[in-house]
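# A structural walkthrough
Here is what each chain is made of, one letter per residue.
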Amino acid sequence: MKFSEIVRTYKERGLPEREALLLIGKVLGKRKEYVIAHYDEECPDEQLDSIIHLFEKRLTGYPLQYIVGEVEFYGRLFYIEEGVLIPRWETEGLVDLSLEYIRKYKLRKVLDIGVGSGVIAVTIALECATNKELSTLGVKVLGTDVNEKAIRLAKKNAERYGTSCEFRLGSYAEPFRKEWDSIELVVSNPPYVRNNAKLQKELDFEPKEALFAGEDGLDFYREFFNRYDISGKIVIMEIGEDQGEKLISLTGGKILKDLAGKDRYLVIEPRD
């Protein structure tokens, strides 16, 4: 059976061609460009079953990123594994805003709460290290997560790109309590989904603790702002598109929109 025939068969069942190419490449240990170049060749019998298995698995809604073991974020590829939240494009806005405020206030110490795979922390560290203006600041990036697997994966991604982020296991900013006074920027993509929300089937396979946050999805924010004195700090957090007004009331911060025009980021700046 030719690769093209396999792809065509599963395309008719709803599997996008690009995903099919990536999955075949995963089995072959090749990039999708190799598969395209050999599109009309016969698939080796010893690899056909593995390809079919992955196609069927993907059709159940199992995330493509978990299957291939990588996810693209801010133009780079990062390792990702089942049990760790898959970053979305909206979260790239957290990095943009963080870099904007690092530059504006010449910030030197950043804490990412709930690092997940580490994409936010590692990307901020990389962008600061490679930008001529920001590299002079010597920005240090810290990160926490309650998920031990996430901490291991974040460290793996930091090592992949040669960054010196420091990740510790624990909730909120607790692992860095002693450094709290010196932390200038807190950034986070926390859980903010309502417990009863109906989500796309892919999210059924992602860690619930990284998604859900109580009946109104605001448990994380309430706990964080109740627990910590953020005087003199900048806080940037991702939010649900319908949570802006409640978070303005809760924090006095401002809400910024994502590229789709939806409320997406809570920003709190030091008051004069």
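Refer to the structure printed above.
Remember, it's a predicted structure, so these values are computed and weren't measured experimentally.

Relative to the elements of secondary structure, Lys 233 occurs in the loop between helix 10 (219-227) and strand 7 (234-238). Salt bridges are absent for the buried Lys 233, whose nearest opposite-charge side chain, Asp 181, sits at 5.3 Å. Ignoring sequence-local partners within four residues, the contact set of Lys 233 consists of Trp 180, Asp 181, Ile 183, Glu 184, Ile 268, Glu 269 and Pro 270.

A word on the state of the cysteines. All chains considered together, the criterion is met by zero disulfides. Here Cys 128 stays unpaired: no disulfide links it, and the sulfur of Cys 165, its closest cysteine neighbor, is 9.8 Å away.

The next point concerns the sheet that holds strand 5 (residues 166-169). Strand pairing in a sheet relies on backbone hydrogen bonds, with the paired strands running either antiparallel or parallel. Read across the sheet, seven strands follow the order 5-4-3-6-7-9-8 without closing on themselves; strand pairing throughout is mixed. Looking at which strands have only one partner, the edges of the open sheet turn out to be strand 5 and strand 8 (254-257). Taking each pair of neighbouring strands and ignoring which way they run, the sheet shows an average axis angle of 20°. Here strand 6 (residues 185-188) pairs with strand 7 via four bridges, running parallel.

With respect to burial, strand 9 (residues 263-268) is a largely interior element, five of its six residues being buried. As defined by bridge partners, strand 7 adjoins strand 9 across four bridges and the pair is classed as antiparallel. Paired with Ile 236 across the two strands is Val 267, which belongs to strand 9. Alignment of strand 8 against strand 9, held across four bridges, turns out to be antiparallel. Bridging from a neighbouring strand, Lys 254 pairs with Val 267 of strand 9. Linking two consecutive strands that pair antiparallel, namely strand 8 and strand 9, is a turn of five residues; a positive phi of about 80° is found at Gly 261 within it.

For Lys 106, which is not glycine, the phi dihedral falls at a positive 55°. Note that Lys 106 resides in the loop between helix 6 (92-105) and strand 3 (109-113). Lys 106 gets classed as partly exposed once you look at its relative accessible area, which sits at 46%. You will see that Tyr 172, though not glycine, has its phi angle at about 50°, which is positive. Here Tyr 172 shows up in the loop between strand 5 and strand 6.

With that settled, the discussion passes to helix 7 (residues 119-130). Compared with the 16 Å implied by 1.5 Å per residue over twelve residues, the 16 Å span of helix 7 between its first and last C-alpha is a close match. Of all twelve residues making up helix 7, nine are buried, and the element is well covered by its neighbours. Looking at helix 7, one finds that the buried residues are Val 119, Ile 120, Ala 121, Val 122, Thr 123, Ile 124, Ala 125, Leu 126 and Cys 128.

Criteria and cut-off values
- Residues numbered from 1 in each chain as written.
- Predicted model: local features only at pLDDT ≥ 70, side-chain atom pairs only at ≥ 80, totals over all residues.
- Heavy atoms only, no water.
- Helix = DSSP H or I, 4+ residues; strand = E, 2+ residues; numbered from the N terminus.
- Buried < 20%, exposed > 50% of the residue type's maximum accessible area, 1.4 Å probe, protein only.
- Lys, Arg positive; Asp, Glu negative; His and termini not counted.
- Salt bridge = Lys/Arg side-chain N within 4 Å of Asp/Glu carboxyl O.
- Contact = heavy atoms within 4.5 Å.
- Disulfide = S-S within 2.5 Å.
- Pairing = 2+ DSSP bridges.
- Axes fitted to C-alpha atoms, helices over the stretch in contact; angles between N-to-C directions.
- Expected span 1.5 Å × (residues − 1).

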